[in-house]
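Below, each chain spelled out in residue letters.
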Amino acid sequence: MNQPQPCDVSGDPTETVRVERLIDRKTLCELLDVSGEALRRWIVAGKFPKPLMLGNLQRWRASEYNRWLAERATEQTTRRRLR
């Protein structure tokens, strides 16, 4: 995925904010091919990042999801090398 892009929100080109894609629970479960209950257990166990709460909505930063995936891939590669 691309890095978050600056977004001018004030009309002043010197003032920018970072806009980042947020992923909802349904999409996340589809990407991971797991149930919502499995995802909940991972979060409670500290095996997956906690969501941002936007009112009653749960959302995850795409960058945190990508980092989590990269860490899992690194762990699997390391385990294979140790065999």
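Look above for the structure.
These numbers come from a predicted model, not from an experiment.

Asker: Outline helix 1 (residues 25-32), listing residues and values.
Answerer: Turn by turn, an α-helix covers 3.6 residues, leaving residues three or four places apart pointing in a common direction. Of all the positions in helix 1, only Leu28, Cys29 and Leu32 are classed as buried. The buried residues of helix 1 occupy an angular sector of 100 degrees when the element is viewed end-on, so they sit on one face. Along helix 1, exposed side chains directed more than 90 degrees from the buried face belong to Lys26 and Glu30. The N-capping residue of helix 1, defined by a side-chain oxygen 3.3 Å from the backbone nitrogen of lysine 26, is aspartate 24. Immediately downstream of helix 1, the backbone of aspartate 33 shows phi near 55 degrees, a positive value.

Asker: Explain the nonpolar core residue by residue, including any values.
Answerer: Counting residues in each nonpolar core, the largest one holds 11 residues, listed as Ile23, Leu28, Cys29, Leu32, Leu39, Ile43, Phe48, Trp60, Ala62, Tyr65 and Trp68. Elements with a minimum of two residues in this core: helix 1, helix 2 (36-44) and helix 3 (62-82). Every residue in contact with isoleucine 23, bar those within four places of it in the chain, is listed here: Leu28, Leu31, Gln58, Arg59, Trp60, Ala62 and Tyr65.

About the criteria used
Residues numbered from 1 in each chain as written. Predicted model: local features only at pLDDT ≥ 70, side-chain atom pairs only at ≥ 80, totals over all residues. Heavy atoms only, no water. Buried < 20%, exposed > 50% of the residue type's maximum accessible area, 1.4 Å probe, protein only. Helix = DSSP H or I, 4+ residues; strand = E, 2+ residues; numbered from the N terminus. Arc of directions from axis to C-beta. Polar contact = N/O pair within 3.5 Å; in protein donor to acceptor, adjacent residues only side chain to side chain. Core = buried A, V, L, I, M, F, W, Y, C linked by side-chain atoms within 4.5 Å. Contact = heavy atoms within 4.5 Å.

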